[in-house]
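Listed below, chain by chain, are the residues.
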Amino acid sequence: MKRFLFVLALLALMVGIATPVLAQECDDALGCVEIGEDDPIVIASMLTTSGATSFLGADSEGGIELAIAGWDGELLGHEIEWVKEDSLCSAEGGQTAAQRVAADESVLGVVGTNCSSAAAAALPIISEAGLVLISPSNTAPTLTNDDTEAGGVYQPGYFRTAHNDLFQGAIAAQFAYDVLGARSLATIHDGSPYADGLQDVMATTFAELGGEVVFQGAVNVGDTEMGAILTQIASDSPDVIYFPIFEPESNFIAAQSLDIDGLENTILMGADGSFVDSFPENTGDAAVGMYLSGPLVAGEAYDAFLELWDEEIGGVPPSGFHAHAFDATNILLDAIEAVAVETDDGGLSIGRQALRDAIAATTDFEGLTGTLTCQTEAPFIGDCATGEALAVFEITQAELDGNWPPPVAWQPGMDMDE
Amino acid sequence: MSRYLDDFSLVDFTINALRVVIIVLVFWGAFNTLTLPADAGRITGEQWFDLFVAGLTQGSIYALIALGYTLVYGILLMINFAHGEIFMAGAFTTVFLATWMDKIGFLNGYPFVAIPLLIIFSGFISMIIAVLLERIAYRPLRGAPRLVPLITAIGASFFLQYTFRGLYGSGFKSYPTVDILKGSVAISGFSIPIARIFVFVSALVLMGGLYWLVERTKIGKAMRAVSEDKEVARLMGIDINFVIMFTFALGGLLAGAAGVINGLYRPQGVNFFMGFRPGIKAFTAAVLGGIGSVPGAMLGGLFLGVIEAIGPNLVMTGLGIPGPNQLQDVIAFTMLVLVLIFRPQGIIGERLTEKKA
Amino acid sequence: MTSIAAKNQQGQVQSLWKLISDESQPYHHILRMGFLAGITLLFLGLIGMLEAFNEREVIRDVVTLAQFVLFVPTFAAAYMAAQRIREEQSIGMVLVAATIIGLLSAIPTIVILLINTQVNIRDMFVHVNRDWLEIITFDNRNQLGLGIGLLLGSLGLAGLLGAVLQNLPQKIRRSVIFGLSLMLVIGVMSETVGLIMQEIFTDDFLDNFFKRDTLLLNSAIGLFVFGVALIWVPDKVRRSFVFGLVVAMVALGLRNLLLAIDSLTSIIPTSEEGFLDVFLYFLLPFVAGFAGRLYLEYGSRDSNKAKTDTKATTSTGRPIRVDLIVSIAILLVAPWIVGRALSDVMVTIGIFVLMGIGLNVAVGLAGLLDLGYVTNYAVGAYVLAVMTSTGPLGLFNSQEGVIVNFWMVIPVALLAAMLAGFVFAVPVLKMRGDYLAIATLGFGEIIGRLAVSDALAPIIGGAQGMSFIPKPELLGFTLKDPEQLYYIILVACAITLIVSIRLNNSRTGRQWMAIREDEDVASAMGINVAQAKLLAFTISAATGGVAGAIFAAKVGTVFPNSFSVIVSINVLSLIIVGGMGSNPGIVVGAIVLIGLPELLREFSDFRWLMYGALLIWMMNNRPDGLWPSQVRRRELIGDDSSPPADESPMMASE
């Protein structure tokens, strides 16, 4: 019985330590996050860090790491703590990761997800928890559209620094039709919502401009032999092949197009999924003369970024969305800095709605991916990267020898005769 | 009449009906494709030939990997699910050596020395991984229920993938291009890229070597003896453990070699996940040919490669299915099922008609 | 430390060398253990595990997981080696040997460290970077000599400690190991533990023990002491303590459940400050459970006799019945104990349990190795999506209104999956063993390809998937959150479990087992093999369809990449790991293989690595699974009456 009393006393002691909380004054519509004097500022990431798409997650995580390092790991005297969740590249992964992030009340905002499918499932949970979700690589138009009739799944709190397919696809079509003078088009996607959506917008816009879409097909992730589909395309001899897919399938398509008769005069075009500095090297000679649409990365700052990457993380970024992740993190941290209110006890109080508003109000943010301004109108609610921040780049021999980023071939608003 | 009814089996009927339906579909699709008007995207004879050669090339790589499955299966009756990862281990590790050789100019300077060196190196790495795998993970499982080694192999597959991801990172690497493999040669009016000839010839040499080893040498005899009956082989004084280890080493060697050959032919896409799909395909090829049979694996690989290359365009285009290339696996696996319906033991699998597998 | 070891060595060096050089000597073993530990340590560094684990603190500001993991291989190697040689050698020799193992285990890492100063191997091994250097040199990467010295010294010490622990009396050893493991497990899983604790305790209270999901030093020491104590108290007290905790959990769950239902909130007393809550819903039930169980355990008066730790652990009837009731109670309120995020994991586990039970019919009972189980899962999910989606592709429903709801579709999904199972079973009926495996694997791939294909995109959305799947509704409640969806999956699992048990003992079940053991003999016995196999495939498919439908409703969207071969592999693995043919095994297997990786999400990079290692380890050490079925256990252990182990089980007959 003595032992029993001892346990009882111990537990009573434990309870006794618990002190009542004093509710802070907070008039934010979604509530506030209180950060004690010695507590960290917590942000989270939900990226695909395992499985076949983990190169995307590793890429974005690097961007976030360097962004936080850029703040010396501190914001307003508080340590920045970064909670990593693995959202995979799937709906269920996004949902589970979102539940976990939402359960941690100290999280202010989330950088993620890498895949639109994960975002679609995560968004309702993230939004209900009052969080913000800034994506470095979700490009699906439905995510920033609140018109459910049109398939829109937008929820408040969603932002992205990635380019909406509607911008990128349209720019690609414009470039192909107006600048390259192409009149027939073939597109290839890889079964990912990203590539499928992008080629769809491209094809639609191209057709609207007056061109003819002669082939729309797909390959599978993991295919290495592209001869069959390229032969099929060659029989239609289009002016342009647009394949907005990722490495390594994009490498395979580009490289193998050299072997196919009938594609000698066809121009190859890719998108930001392949906008990686390893792309020319991995593709070989076939990359020369190819066009990629991608973020209008700032030359010098980006070089410095890559240098830092090599130093801190090692090697080169494994995909094309690290700069977007870097910018997304900085936008988030800027906004936190802007809305944080110092409390009497030396801590911080951050309103969740205020944070959303601050991000939505981001204008002319000078990022690595160009000048970003967050939109508020459907179908671009939360789109921080507009068409202005996009360009079409041409890969030349210099890129094959190691130069990156490639020279800008065209950007919206540029005079066509140039 | 009643005797006829007694013999009637719904299952047999359905299987036969299915057989007929698939064959009709295949022929109808092929017929439609081949009779397309020339301006509606018809593929020329030359292009068909190109596809066929591409299929053979891809198929010989499948065959090299499939041999590893089939060798191990023949002896242990286990599916070494991690074999694709053994292929990856060699290919992924050797990419660094190849890049370095390219950088110092050795690769293009002395290609006839460098390429065999790469193949040997890669084969060696894969061999070590395969032998370690056998020693650590599989050996203690001898005599365990059949599914236990399979699950172990699945575990090993994950383990190896993420080990190499940890070692070399998650990005994509690519092999350097070798000048002598560029261009093509004309053979009786058809032009065939040299790289394809290289793959085909090296695969043939390796497979021939293996065949010789298994059929003509002492260790080959021991392997066959062990695969027939382990107990009797042991009584005859054969060191079972050594033979099994040797088999794994052989399979690993071929897979590693296939890794470099594949890398020089299709340089891109070298990363930790690169073994998974070829692994499944090669496994399919091994079963297609008749698992456990060495010539079967070779034939199955080539067959699968050709089906994949030609099937989508030939059949699906004719049936008016959009995005046919996306469905090449559907064709490959339908063919597999069809072959297995006709010949449940695979194309060359007579040994397994006994109640053994 | 090193110098002491060296001094010890001097006296013994000659005899040691003799021992080491002789293969038959136990000291050959020491070299091997040292080498293995060293390779493991190097491996952990090169794959980046140390680096990743360095970000995870086990005890706040004191020790990171990496610092813990750094010593584990050495410690374990020394411990095992000491176990092996301590019978034959004097204690001094054992300690010296262990220290040598420790020193040896540092060597591979040091070699790479030195190579790295000469050649840049970073281009190849991405994790040979600053972080790694700092971890293994204890932040002395600029004074490499000092760093290497520290590494050698600390690993030598770790080896020594391993041997010391091995030489302690058994009970002390057990309690120390248990205390340490408890601390480590709670430390690593503190995020999960925190998620549960935050359901009742206030953040300020928890801050005394956890800081941002990391244990504080005082609570870590407390846990260690607690763990040690738990080994020393009598069995019955320990059991009573656990029981009390479980009762407290149930009470806590009930409270949260009632709080969640608006109309019932008012009937239970709660307080803002949390003290009343803690007392009423945690402390009181705990004490009641603890005391009550103690009373039951010790029967009545004779407490003196019971205090001596007797081996008589067989419980009387009453505690067992009480255990059962409490177990059911905890199942019923589980989501309200663990909170939303973990409920989500539980639902996922449930979905896999459902599939596991289904696949078990084909694999476990009938011996049909099906590697394409994902087919049924996909069919169920897409049927639900097409029939209930309110998006543009929805067949019946639209934004304006829902005509077809979740409950109507469940039977349809079930039937559709059964149909799919039937159709795919027909062509493969005559195939055996691995041919069947590859053919079904092919079907899985075919379904995956079709789901993503442009050809079927107008119906099921292709790459863009299907969205706007409404959540199930019941009696006016929308079962939106995982806590509520949990009940659907619980009921589904319960029903399938009952059906499965009935099938197991039925005539059909026995036919399947006969086919599993020997198809030809079964056929000769007059069993219609084709029919029985068809039935097995069809029934097996049914639960897959239901699981798919629940999955689709849970996630709210269906994308083709959710239906990859990995799902089939996971389901197969979990029934094997759990214990072939055993229903409780399926649950255990699902918790280990599906739940654990979910809980370890923060180690995402190494989740699958550990998963793979776990599968290998499990199969090598417990091939009959974590919870083998009784029948099979008898077969595997090989009673006199039953055939030898390598012939009777699973598929050996084919």
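Residues numbered from 1 in each chain as written. Chains lettered and ligands numbered in written order. Predicted model: local features only at pLDDT ≥ 70, side-chain atom pairs only at ≥ 80, totals over all residues. Heavy atoms only, no water.

1. Topic: the interface of chain C and chain B
It is common to give the size of an interface as the accessible area that goes away when the parts come together.
(1) Moving on: Each partner contributes residues to the interface: chain C has 61 residues there, and chain B has 61 residues.
(2) Moving on: Between chain C and chain B the total buried area reaches about 5,400 Å² when both faces are included, carbon and sulfur atoms providing 76% of it.
(3) Moving on: Taken together, the connections running from chain C to chain B amount to two salt bridges.
(4) Moving on: Of the charged contacts, one joins glutamate 445 of chain C and arginine 277 of chain B as a salt bridge, the two residues approaching to 3.5 Å between their closest N and O atoms.
(5) Moving on: Counting every contact that joins chain C to chain B gives seven residue pairs in polar contact (both at pLDDT 80 or more).
(6) Moving on: Listing elements by their share of the side of chain C that touches chain B, those giving two or more residues are helix H2 (26-46), helix H17 (406-428), helix H18 (433-452), helix H23 (529-555), helix H24 (565-578) and helix H26 (604-621) of chain C.
(7) Moving on: For the side of chain C that touches chain B, the leading source of residues is H18 of chain C, giving twelve residues.
(8) Moving on: Each residue belonging to the side of chain C that touches chain B can be placed in one class, and the counts come to 42 nonpolar, seven polar and twelve charged. (Contact = heavy atoms within 4.5 Å. Buried area = accessible area lost by both parts, 1.4 Å probe. Salt bridge = Lys/Arg side-chain N within 4 Å of Asp/Glu carboxyl O. Polar contact = N/O pair within 3.5 Å; in protein donor to acceptor, adjacent residues only side chain to side chain. Helix = DSSP H or I, 4+ residues; strand = E, 2+ residues; numbered from the N terminus. Nonpolar A, V, L, I, M, F, W, Y, C, P; charged D, E, K, R; others polar.)

2. Brief notes about the state of the cysteines
Residues and elements named next belong to chain A.
(1) Moving on: Scanning all chains against the criterion turns up two disulfides over all chains.
(2) Moving on: Disulfide pairing places cysteine 89 opposite cysteine 115 at an S-S distance of 1.9 Å. Looking down the S-S bond of the cysteine 89 and cysteine 115 bridge, the torsion is -100°, so its handedness is left-handed. A residue pair is termed long-range when its members are at least 10 positions apart, and cysteine 89 in the loop between strand E4 (78-86) and helix H3 (91-103) and cysteine 115 in the loop between strand E5 (107-112) and helix H4 (116-128) qualify at 26 residues. (Disulfide = S-S within 2.5 Å.)

3. Quick word on the pairing of strand E8 (residues 184-189) of chain A
Two faces make up the sheet, and in a regular strand the side chains alternate between them.
Residue and element names in this part refer to chain A.
(1) Moving on: A large share of E8 lies buried, amounting to six of its six residues.
(2) Moving on: Every second residue of E8 is oriented toward a common face, with Ser184, Ala186 and Ile188 on one face and Leu185, Thr187 and His189 on the other, all of them buried.
(3) Moving on: Here E8 runs beside strand E9 (residues 212-218); their pairing, made up of six bridges, is parallel. In the sheet register, leucine 185 faces E9, and the bridge partner there is valine 213.
(4) Moving on: Following the chain from E8 across helix H6 (residues 193-209) to the adjacent parallel E9, one finds a crossover that is right-handed.
(5) Moving on: In this structure, E8 lies alongside strand E10 (residues 240-242), joined through three bridges in parallel fashion. Each residue of the ladder has a partner; that of alanine 186, found in E10, is isoleucine 241. (Buried < 20%, exposed > 50% of the residue type's maximum accessible area, 1.4 Å probe, protein only. Pairing = 2+ DSSP bridges. Right-handed = clockwise from strand over helix to strand, strands pointing away.)

4. Some thoughts on the interface of chain C and chain A
(1) Moving on: With 60 residues of chain C at the contact, the number on the chain A side is 62 residues.
(2) Moving on: Both faces combined, the contact of chain C with chain A buries some 4,800 Å², and carbon together with sulfur accounts for 53% of it.
(3) Moving on: Our count for the contact surface shared by chain C and chain A stands at two salt bridges.
(4) Moving on: Summed over the shared surface of chain C and chain A, the number is nine residue pairs in polar contact (both at pLDDT 80 or more).
(5) Moving on: When residues in the side of chain C that touches chain A are grouped by element, the largest group, seven residues, is from helix H13 (residues 275-297) of chain C.

5. Points about the packing of aromatic side chains
(1) Moving on: Tallying each qualifying case throughout the model produces 40 aromatic pairs over all chains.
(2) Moving on: Taking 5.9 Å as the distance between ring centres and 35° as the angle between the ring planes, the aromatic pair formed by phenylalanine 175 of chain A and tryptophan 410 of chain A counts as tilted. Of this pair, phenylalanine 175 of chain A sits in helix H5 (residues 165-179) while tryptophan 410 of chain A is found in strand E19 (residues 408-410), placing the two residues 235 residues apart along the sequence.
(3) Moving on: Taken together, the aromatic side chains of Phe55, Tyr194, Phe246 and Phe321 of chain A together with Phe172 of chain B make up a single cluster linked through ring pairs.
(4) Moving on: Note that lysine 84 of chain A overlies the ring of tryptophan 82 of chain A, its terminal NZ or CZ placed 4.7 Å from the centroid. (Phe/Tyr/Trp six-rings, centres within 6.5 Å; stacked < 30°, edge-to-face > 60°. Lys NZ or Arg CZ within 6 Å of the ring centre and 35° of its normal.)

6. As for helix H8 (residues 249-257) of chain A
(1) Moving on: The element H8 of chain A is largely enclosed, with a buried count of nine among its nine residues.
(2) Moving on: Listed in full, the buried residues belonging to H8 of chain A are Glu249, Ser250, Asn251, Phe252, Ile253, Ala254, Ala255, Gln256 and Ser257 of chain A.

7. Details of the environment of methionine 33 of chain C
Residues and elements named next belong to chain C.
(1) Moving on: Looking at the element boundaries, methionine 33 is found in helix H2.
(2) Moving on: On the accessibility criterion, methionine 33 (9% relative accessible area) is buried.
(3) Moving on: Considering only alpha carbons, one finds methionine 33 and leucine 104, 71 residues apart in sequence, at a separation of 8.8 Å.
(4) Moving on: The contacts of methionine 33, once residues within four sequence positions are left out, are Ala77, Met80, Ala81 and Ile101.

8. Thoughts on empty space enclosed by the protein
Where empty space is left can be seen by rolling a probe of water-molecule size over the atoms.
All names here are of chain C.
(1) Moving on: Across all of its chains, the model carries 13 cavities of 30 Å³ or more by this definition.
(2) Moving on: Contributing to the lining of the second largest cavity are 15 residues, with Asp370, Gly372, Asn376, Phe424 and Phe537 lying nearest its centre.
(3) Moving on: Among the elements that take part in the lining of the second largest cavity, H17 stands out by supplying five residues, more than any other.
(4) Moving on: Of the residues in the lining of the second largest cavity, the class split is eight nonpolar, six polar and one charged. (1 Å grid on protein atoms, 1.4 Å probe; cavity = no way out; pocket = protein on both sides within 12 Å on 5 of 7 lines; lining within 4 Å. Points joined across faces, edges and corners; volume = space filled by probe spheres on them.)

9. Some remarks on the sheet that holds E8 of chain A
All names here are of chain A.
(1) Moving on: Taken in spatial order, the seven strands line up as E9-E8-E10-E11-E12-E18-E19 in an open sheet, and their pairing is mixed. Each having just a single partner strand, E9 and E19 make up the two edges of the open sheet. Shown here is a sheet whose adjacent strand axes are inclined to one another by a mean of 30°, direction ignored.
(2) Moving on: By the bridge criterion, three bridges tie E10 to strand E11 (residues 267-270) in an arrangement that is parallel. Counted as the bridge partner of tyrosine 242 is methionine 269 from E11.
(3) Moving on: Sheet strands touched by helix H7 (residues 227-234): E8, E9 and E10. Its angle to E9, the strand with the most contacts, is close to 170°. (Axes fitted to C-alpha atoms, helices over the stretch in contact; angles between N-to-C directions.)

10. Points about the side chain of glutamate 399 of chain A
Residue and element names in this part refer to chain A.
(1) Moving on: The topology assignment puts glutamate 399 in helix H13 (residues 397-400).
(2) Moving on: One polar contact links glutamate 399 to threonine 396, side chain to side chain, over a distance of 2.6 Å.
(3) Moving on: Contact partners of glutamate 399, with chain neighbours within four places excluded, come to Pro280, Glu394, Trp404, Pro405, Pro406 and Pro407.

11. Structural notes on the sheet that holds strand E13 (residues 341-342) of chain A
Residue and element names in this part refer to chain A.
(1) Moving on: Taken in spatial order, the three strands line up as E1-E14-E13 in an open sheet, and their pairing is antiparallel. Where the open sheet ends on each side, the last strands, each with one partner, are strand E1 (32-35) and E13.
(2) Moving on: As paired elements, E1 and strand E14 (residues 348-351) share four bridges and run antiparallel to each other. Its bridge partner lying in E14, cysteine 32 is registered against glycine 351.
(3) Moving on: Contacts from helix H12 (residues 352-360) reach E1 and E14, with the element oriented near 65° to E14.

12. Some words on the confidence of the model for chain A
Fine structural detail should not be taken from predicted coordinates in areas where pLDDT scores are low.
(1) Moving on: Residues with a pLDDT of 70 or more make up 92% of chain A, whose mean pLDDT is 84.
(2) Moving on: Low confidence marks residues 15-23 of chain A, where pLDDT is under 50. Its contacts with residues over four positions away, or in another chain, come to eleven contacts. (pLDDT = per-residue confidence, 0-100.)

13. Topic: the pattern of salt bridges
(1) Moving on: Summed over the entire model, instances satisfying the criterion amount to 24 salt bridges over all chains.
(2) Moving on: With a shortest N-O distance of 3.1 Å, aspartate 329 of chain B and arginine 449 of chain C are connected by a salt bridge. In this pair, aspartate 329 of chain B sits in helix H14 (residues 328-342) while arginine 449 of chain C sits in helix H18, so the two residues belong to two different chains.
(3) Moving on: Overall, the relative accessible area of 11% leaves arginine 449 of chain C in the buried class.
(4) Moving on: One network of salt bridges, with partners in common, ties together Arg277, Lys281, Glu308 and Asp329 of chain B together with Glu445 and Arg449 of chain C.

14. A word on the pairing of E5 of chain A
Residue and element names in this part refer to chain A.
(1) Moving on: Summarising burial for E5: six of the six residues are buried, a large majority.
(2) Moving on: Here strand E2 (residues 41-47) pairs with E5 via five bridges, running parallel. If you follow alanine 44 over to E5, its bridge partner there is valine 110.
(3) Moving on: As defined by bridge partners, E5 adjoins strand E6 (residues 132-135) across three bridges and the pair is classed as parallel. Bridge pairing in E6 places valine 110 opposite leucine 133.
(4) Moving on: Note that the unit made of E5, H4 and E6 has a crossover that is right-handed.

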